[in-house]
Structure formats: structure tokens, C-alpha cells
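Coordinate analysis (summary)
Here is how the chains run, residue by residue.
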Amino acid sequence: MPCFRPSQCPWTACPSRNLPSTFQYQKRGFYRTSKNRRIQRFWCKSCRRSFSSQSFKFNYRLRYPRLHLDFWPFLISKVTLRQSARMLKVDRRTLAARLWRMGEHAREFHRQRCREASALLKSGGVFQLDELETYETDRRLQPLTVSVLIHRYRYFVIHAAVGTLPCRGSLAPHLRKKKVEREKVFGKRRSESRKIVTETFQALKDLLSKDDCPVVQSDGKKTYPRIMKSVFGQHGFEHRVEPSKGPRNRNHPLFPINHTLAQMRDNISRLVRRNWGVSKRRQWLVPHLWLWILWRNYLRPIVAEGNPPTPGELVGASTGRLTAEDVFRWRIFSSRDLQ
Ligand SMILES: [Zn+2]
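Residues numbered from 1 in each chain as written. Predicted model: local features only at pLDDT ≥ 70, side-chain atom pairs only at ≥ 80, totals over all residues. Heavy atoms only, no water.

With that out of the way, let us pick up the coordination of the zinc ion. Surrounding the zinc ion are the protein donor atoms Cys9 (SG), Cys14 (SG), Cys44 (SG) and Cys47 (SG), which sit 2.3 to 2.4 Å from the metal. Relative to the metal, the four donor atoms surrounding the zinc ion lie at angles of 104 to 115 degrees, and the coordination shape comes out tetrahedral. Spacing between the donor residues of the zinc ion along the chain follows C-x4-C-x29-C-x2-C. In this pair, Cys14 sits in the segment before β1 (25-32) while Cys44 sits in strand β2 (residues 38-44), placing the two residues 30 residues apart along the sequence. Looking at Cys14, the relative accessible area reads 2%, which means it is buried. (Donors = N, O, S within 2.8 Å, 3.2 Å for Na, K, Ca; no water. Tetrahedral: all angles 85-135°; square planar, octahedral: opposite > 155°, others 65-115°. Helix = DSSP H or I, 4+ residues; strand = E, 2+ residues; numbered from the N terminus. Buried < 20%, exposed > 50% of the residue type's maximum accessible area, 1.4 Å probe, protein only.)

Here it is in C-alpha cells:
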């Protein structure tokens, strides 16, 4: 087994993080774990703090070091957080904290892999965008929209974002009363569709070079052309509006994105229509979505049968089919690191 070499200091406040030179450290012996495993200790020459190879593990200082691996299959199999907690025999709040940590990790993992794949992503530059409607707590009073952008041919999910939608019209009297009460506390609920679609296109733009002119297929929603102009510039994109009517089968031009959204509804408990597993607050939908994207891009083959490559392999973001153990082995260091 190759010996572990730290590429940077795990302490975020360390001055070595901002130095262009290579990371300077010393080896400082070993310690043994309760399972009698030898762990290498290191010493940072910049901040003079010690650390070990364990400091770089995803489960560093976690009380249940394998909980995320046990939780993982439930997350993508339409099992709710509460039911998962019952089955794993842990407190719901413990599991929620793990969901949050895993979601942050999934987003950073995807971001890093996308950067590596950017050259290949642009070579087949046709993308599809659509929005999926769901809700938090109340279907009529608190609807949500989720924008999703994928690579048309590779089924690679580039980005997803969650935003609010205004209350639905023609409410029953008791819901109208509730709406007025909610508005007194939280203010009027507005559409964030434009904001999240802009964020989604921006995520695509960040992957492309200046000369790239992406082709984007979508339905005929009137706000999309203006948003695309603001992100890509007047002539920096080609927009193909596809009719959203007609049979939604494999021959439909928007089949890849329709199929992706259908898969999300089938895999993510929070998105199943009219069920108890819906998100109580939209903040929790976000990490769950990132975990699903991780699964869709890097763990699940492009089609379920046989042994075809994953979307991540097809765009060059990964070299093989990954497992949950691969993905959650190492911490990903970002600006929001834990101290
Ligand atoms: Zn240091």
C-alpha cells in the first residue's frame, strides 16, 4: 500500500495554504488505533501543528465513522430521513447532520470533477434545461422550483438549484387565511425561478472557455432567452426551443431532461408527489439533490442494464465507476473547511 503524502496542511488558518511553494512537513512517528492500526503522524513546518493521515479522512472525528455509508443506499432509494433514522437506529438529528455534511462534500466533489472535465464537456456542447416543481410543507402555499441542467448526450448533470415559487392561485378560504398569516411573518412569497436559472447557466458558463457557444434546448418558457443573453452574451449561445406537448417518449427532443427529472422523482423521497417524505424546509432538499447528482454522475451507469460507463466517465470527469467508499474516503478542502 503506498504511503500517504499530505498535499497541504489540514488546518485552514495555516499560512502554508496561501504560499505558492510546495507544502513543507515532517513525519513524526506513528500512533495505534483501538483496532491496532498504525497511523502516520505529521508536523507542519508553517503553523507548527501536528496532524495525521486520519485528519484527511471524510469521517475524521465523526462519532459514527460508517454512518454515511450505511445511510447512502437509503438516500437514493426514496426512503425518508425519519425512516432511515429508525432503520439505522440513530437519532434523526444525527442523520440530518450527516446528510448536511455529505451534501456539502458531494457539491465540492462534483465541482472539482467538473473542472477536470471541462475540456470534454464543451466538445459535445448540447445541453438541456428544465424546472421541476415540488414544495416545502404545503403544496399550495409553499411551492418550490428546482432547475436542472444536463449534458444532452452524456446525461451528465451539470447543476441543480432550488428556489421558491409564489403561493398558488384560487386558494380555499382556510388557506387564504393561512397565507395572510404567513405573509405577516415571512413577507410575500415570490418566484426565484429567474435567480436559480441564472445560477444554473452561470455554472455551465464557468466550465466553458470564452469562445464556446453552447447549444441549449429547453421548453418555451419566456424568461429563458433573456436569462441566457444576460449570462452568455447576445451571441454566445444557441437556444433551441422544443415543443413540450406531444407524447413524452424516447423520440421527444427533450427526452433526456424529462427522463432525468422523472428519475429524480423516483429516487429522492422529498420529490415524490404528494407524500409524507416531502421537505419540511427547502434547505434540506439542497444537500439531498447534490447527493443524488453524485450518484447519477459517478456511481450509476448511464443505463441500468449491463455494465456501461457512468455519465462522469463519458465526459472525462472520472476514470471508472466509483463506489460510495471511493467518494467518501477523503475530505475535500475548500474555503469553508472545518477548523
Ligand atoms: Zn499548517
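Moving on from the model shown.
Here we take up the sheet that holds strand β4 (residues 126-135). Strand order in the open sheet made by the five strands is β6-β5-β4-β7-β8, with mixed pairing throughout. Here the strands that pair on one side only, and so sit at the sheet edges, are β6 (157-164) and β8 (238-241). Each adjacent strand pair in this sheet contributes to an overall mean axis angle of 20 degrees, direction not counted. Note: strand β5 (residues 143-151) against β6, seven bridges, orientation antiparallel. Each bridged residue has a counterpart across the sheet, and for Val148 the counterpart in β6 is Ala160. Sitting on the sheet, helix α7 (residues 255-267) touches β4, β5 and β6, and the angle it makes with β4 is about 35 degrees. Its contacts with the sheet place helix α8 (residues 285-299) against β4, β5 and β6, and it is angled at close to 165 degrees to β6. (Pairing = 2+ DSSP bridges. Axes fitted to C-alpha atoms, helices over the stretch in contact; angles between N-to-C directions. Contact = heavy atoms within 4.5 Å.)

Size of an interface: often given as the accessible area lost when the parts come together. Examined at the domain level, the protein breaks down into domain 1 (1-56) and domain 2 (57-327). Inter-centroid distance (C-alpha atoms) of domain 1 to domain 2 is 35 Å. (Domains from an automatic or database assignment.)

On to the pattern of salt bridges. Tallying each qualifying case throughout the model produces ten salt bridges. Of the charged contacts, one joins Lys78 and Asp266 as a salt bridge, the two residues approaching to 3.0 Å between their closest N and O atoms. Here Asp266 lies in helix α7 and Lys78 lies in the loop between α1 (67-75) and α2 (81-88), a separation of 188 residues in the sequence. Overall, the relative accessible area of 39% leaves Lys78 in the partly exposed class. Look at Asp266 and you get partly exposed, because its relative accessible area is 43%. Glu238 is the partner of Arg240 in a salt bridge, and the nearest nitrogen-oxygen pair spans 3.0 Å. Owing to a relative accessible area of 34%, Arg240 belongs among the partly exposed residues under this scheme. Through salt bridges that share partners, Glu136, Arg189 and Arg282 make up one connected network. (Salt bridge = Lys/Arg side-chain N within 4 Å of Asp/Glu carboxyl O.)

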